[in-house]
Amino acid sequence: MSVRILALVGSLRAGSHNRQLAEAAVKLAPEGVDVQLYEGLAEIPFYNEDIDVEGTVPAAATRLREAALAADALLLFTPEYNGTIPAVLKNAIDWLSRPYGAGALGGKPVAVVGTAFGQYGGVWAQDEARKALGIAGATVLEDIKLSIPGSVTRFAETHPVDDAEVAAQLTEVVARVHGQAAPQAA
């Protein structure tokens, strides 16, 4: 039985380095691990309790919730926008946290990694994402971290999957998330 890890990317830009990092995670996943890159965060409206009512939940939000429920773990890839988490990723967390007490993140292992232009690789955004995920009910894998600084120069001509150091670090991250997700999948 394969362990399913849902990858959410906090950047909507087609050439995003965090998207490339997520693509690398898909390619580097070991046998028995299926990393699925989620498409469609841009279509999800901002969370609003008025539209989160049975029978009227937007289809895009329902698809996200179903994908998260079907996953054994989640792996979030976040850039850093003005020192914090991108709105699209925070919005996904908000939708996944509901309904209160029974959201798709409840008890699910989740790790947060990423890359950013700055010298710290987006650690502030990652910390903010971990905080929001914990409040939303996820089991945050606090000890699984990967912050890659200088994304604009480091990945200017090299895809993360072709950067030996990054590929090794990302392979370790996926393996460790798998290790936390395997008991969930059993």
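Preceding block: the structure.
Residues numbered from 1 in each chain as written. Predicted model: local features only at pLDDT ≥ 70, side-chain atom pairs only at ≥ 80, totals over all residues. Heavy atoms only, no water.

**Thoughts on the layout of surface pockets**
Of the volumes computed, that of the largest pocket is approximately 240 Å³. Lining of the largest pocket is provided by 14 residues; of these, Lys90, Asp94, Ala132, Ile135 and Ala136 occupy positions nearest its centre. Within the residue set of the lining of the largest pocket, elements represented by two or more residues are α3 (87-96) and α4 (123-135). Residue contributions to the lining of the largest pocket peak at four residues, all from α4. The residue inventory of the lining of the largest pocket, partitioned by class, reads six nonpolar, three polar and five charged. (1 Å grid on protein atoms, 1.4 Å probe; cavity = no way out; pocket = protein on both sides within 12 Å on 5 of 7 lines; lining within 4 Å. Points joined across faces, edges and corners; volume = space filled by probe spheres on them. Helix = DSSP H or I, 4+ residues; strand = E, 2+ residues; numbered from the N terminus. Nonpolar A, V, L, I, M, F, W, Y, C, P; charged D, E, K, R; others polar.)

**Re the nonpolar core**
Ranked by size, the top nonpolar core spans 30 residues in total, and within it Leu8, Leu64, Leu74, Leu76, Leu105 and Leu133 carry the most contacts. Looking at this core, the elements that each hand over two or more residues are β1 (3-9), α2 (59-70), β3 (73-77), α3, β4 (109-115) and α4. Tallying contributions element by element places α3 first for this core, with six residues. Look past the residues within four positions of Leu74 in its chain and what remains in contact with it is Ile5, Leu6, Leu8, Ala68, Leu96, Leu105, Lys108, Pro109, Val110 and Ala111. Listed in part, the 27 residues of the second largest apolar core include Val9, Ile144, Leu146 and Val174. (Core = buried A, V, L, I, M, F, W, Y, C linked by side-chain atoms within 4.5 Å. Buried < 20%, exposed > 50% of the residue type's maximum accessible area, 1.4 Å probe, protein only. Contact = heavy atoms within 4.5 Å.)

**Remarks on unusual backbone geometry**
In this chain, Arg98 is followed by Pro99 through a cis amide linkage whose omega measures -5°. Tracing the backbone shows Pro99 in the loop between α3 and β4. At Asn82, a position not held by glycine, the phi torsion is positive, near 50°.

**Quick word on the side chain of Asp52**
Within the secondary structure, Asp52 sits in the loop between β2 (33-37) and α2. Given a relative accessible area of 18%, Asp52 falls into the buried group. Once residues lying within four places of it in the same chain are set aside, the contact partners of Asp52 are Tyr47, Val57, Arg65, Trp95 and Arg98.

**Considerations on α2**
Helix length check: α2, at twelve residues, gives a terminal C-alpha distance of 16 Å against a target of 16 Å (1.5 Å per residue), a fit within 8%. By the burial criterion, the buried members of α2 are Ala60, Ala61, Leu64, Arg65, Ala67 and Ala68. Each buried residue of α2 lies within a common arc of 160° when the element is viewed along its axis, so the set occupies one face. More than 90 degrees from the buried face of α2, the exposed residues found are Glu66 and Leu69. Buried-residue contacts for α2 involve β1, β3 and α3. (Expected span 1.5 Å × (residues − 1). Arc of directions from axis to C-beta.)

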